[in-house]
Amino acid sequence: MRFKEGTRGFTVLEILIASAIMVAVVGFAAIGINTLLDYKNGEHGRSKLAYGALQILDEIEENWENRSVSLGNLLINEPAYPLQFRVDSPVSGYPSLSFFINSAEGPRAICYSLAPLPTALGGDFSGAAGLFRLILDGDESKAALENFSSDGDLSAAFPAAEVGRIANLLSDSAVFFEVHLIKLAADGFSLEYLNGDAQAIEVHGGKWSLGASHPTDIAFLEVAVGVLPKSFHGTYFGLSSVAEKGIFLTKNGIRLARLLPWHI
């Protein structure tokens, strides 16, 4: 059997060039696949964070809809149920929201607060925090209500050590928690934020206090939460400015908010 004229085998140089091209193609394909997998994993991680933030908001809204309300009308001897948002208590340096909810045994005081994660959960992640929920029993709630005054601090009824217990943990990813007051603008349609930044809020006897002002016609409370992977918590809390924290949270985590209608 004879080969046709002009037919020849591959030279060593051609084989080496072809091998190099194949290696490059396979390498680029591997990089592309790994990049796609990293992107998918990143998106999956963000989806989990978003789901966790939604669960927090659902939990707060459920109890918000079941809250105890009263104007404290002295003519019928009703107690006034206070509500407070604090920026640094009951756990020092961490914000909290506290109010009263209905139960079979009467009003129960409830507190949502950021706090450091217990070592068993935080592990080696320095600065890891979470969102906790503590509900006082009937007697403690009654004492908190009876001892509260218009200039009192409701969060003082919730011991910091109890707030930060594993049994009270709602989320081990939460790093941001704020409450904002909103009213309807003069046009009757758009919303007017009365405090875009973190600021203490209080309502007692149907009267709001925001710093030295006493706003009226409040339509909504906005509850905002931000979540990050635990490995980022130390970096987040180590940032010095609110703006830097906001940028970092937007880039690496999830921030969600929900409007809760206000009514007496």
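Here's a quick rundown of the structure. (Residues numbered from 1 in each chain as written. Predicted model: local features only at pLDDT ≥ 70, side-chain atom pairs only at ≥ 80, totals over all residues. Heavy atoms only, no water.)

1. Quick word on the pairing of strand β6 (residues 174-184)
Reasoning step 1: Within β6, 10 of the 11 residues are buried, which leaves it mostly tucked inside the rest of the structure.
Reasoning step 2: The sheet contact formed by β6 and strand β10 (residues 218-227) spans 9 bridges and is antiparallel. By the bridge assignment for β10, Phe177 is matched with Val225.
Reasoning step 3: Here β6 runs beside strand β7 (residues 191-193); their pairing, made up of 3 bridges, is antiparallel. The partner of Lys183 across the bridge, within β7, is Glu192.
Reasoning step 4: The hairpin turn running from β6 into β7, its antiparallel successor, is 6 residues long, and Gly188 in that turn takes a positive phi close to 80°. (Buried < 20%, exposed > 50% of the residue type's maximum accessible area, 1.4 Å probe, protein only. Helix = DSSP H or I, 4+ residues; strand = E, 2+ residues; numbered from the N terminus. Pairing = 2+ DSSP bridges.)

2. Comments concerning the sheet that holds strand β3 (residues 108-116)
Reasoning step 1: Strands sit in the order β5-β4-β3-β2-β1-β8-β9 across an open sheet of 7 strands; the sheet is antiparallel. Only two strands of the sheet have a single neighbouring strand rather than two, namely β5 (169-171) and β9 (207-210). Across the sheet, the mean angle from the axis of one strand to that of its neighbour is 20°, orientation sign disregarded.
Reasoning step 2: Here strand β2 (residues 96-101) runs beside β3; their pairing, made up of 6 bridges, is antiparallel. (Axes fitted to C-alpha atoms, helices over the stretch in contact; angles between N-to-C directions.)

3. With respect to helix α6 (residues 242-252)
Reasoning step 1: Those residues of α6 that fall on the buried side of the exposure criterion are Phe248, Leu249 and Asn252. Buried positions in α6, seen along its axis, are confined to an arc of 100° and lie on one side of it. What points out from α6, more than 90 degrees from its buried face, is the exposed set Val242, Ala243, Ile247, Thr250 and Lys251. (Arc of directions from axis to C-beta.)

4. A look at the sheet that holds β10
Reasoning step 1: Ordered in space as β7-β6-β10-β11, the 4 strands form an open sheet in which the pairing is antiparallel. Whereas interior strands pair on both sides, the edge strands pair on one side only; in this sheet they are β7 and β11 (254-261). Pairs of neighbouring strands in the sheet enclose a mean axial angle of 30°, with direction left out of account.

5. Looking at helix α3 (residues 138-147)
Note on helix geometry: an α-helix contains 3.6 residues per turn, so any two residues three or four positions apart are oriented the same way.
Reasoning step 1: All of the buried residues in α3 are Gly138, Ser141, Ala144 and Leu145. Buried residues of α3 fall within an arc of 130° about the axis and therefore sit on the same side. The outward face of α3, more than 90 degrees from its buried face, is lined by the exposed residues Asp139, Glu146 and Asn147.
Reasoning step 2: Those residues of α3 hidden inside the fold are in contact with β2 and β3.
Reasoning step 3: For α3, the capping residue at the N-terminal end is Asp137, with a side-chain oxygen 3.3 Å from the backbone nitrogen of Asp139. (Contact = heavy atoms within 4.5 Å. Polar contact = N/O pair within 3.5 Å; in protein donor to acceptor, adjacent residues only side chain to side chain.)

6. So, empty space enclosed by the protein
Reasoning step 1: All chains considered together, the criterion is met by 1 cavity of 30 Å³ or more.
Reasoning step 2: What the largest cavity holds in volume is close to 100 Å³.
Reasoning step 3: Arg67, Ser68, Val69, Tyr81 and Trp262 are the residues nearest the centre of the largest cavity, which is lined by 14 residues in total.
Reasoning step 4: For the lining of the largest cavity, the secondary structure elements donating two or more residues are β2 and β8 (201-204).
Reasoning step 5: Its residues assigned to classes, the lining of the largest cavity comprises 9 nonpolar, 4 polar and 1 charged. (1 Å grid on protein atoms, 1.4 Å probe; cavity = no way out; pocket = protein on both sides within 12 Å on 5 of 7 lines; lining within 4 Å. Points joined across faces, edges and corners; volume = space filled by probe spheres on them. Nonpolar A, V, L, I, M, F, W, Y, C, P; charged D, E, K, R; others polar.)

7. Overview of the environment of Gly130
Reasoning step 1: Structurally, Gly130 is set in strand β4 (residues 129-135).
Reasoning step 2: Residue classification places Gly130 among the buried positions, given a relative accessible area of 0%.
Reasoning step 3: Through-space distance from the C-alpha of Gly130 to that of Leu117 is 5.8 Å; in sequence the pair is 13 residues apart.

8. Quick look at the nonpolar core
Considering soluble globular proteins, one finds that nonpolar side chains tend to be buried as a cluster.
Reasoning step 1: Counting 50 residues, the largest nonpolar core has Leu83, Phe99, Phe158, Phe177, Trp208, Leu221 and Trp262 as the members making the most contacts within it.
Reasoning step 2: When sequence neighbours within four positions are dropped, the list of residues in contact with Leu83 reads Trp64, Leu97, Ser98, Phe99, Ile201, Glu202, Val203, Trp208, Leu221 and Trp262.
Reasoning step 3: In this structure, Phe176, Ala224, Leu228 and Leu249 belong to the second largest nonpolar core, which totals 7 residues. (Core = buried A, V, L, I, M, F, W, Y, C linked by side-chain atoms within 4.5 Å.)

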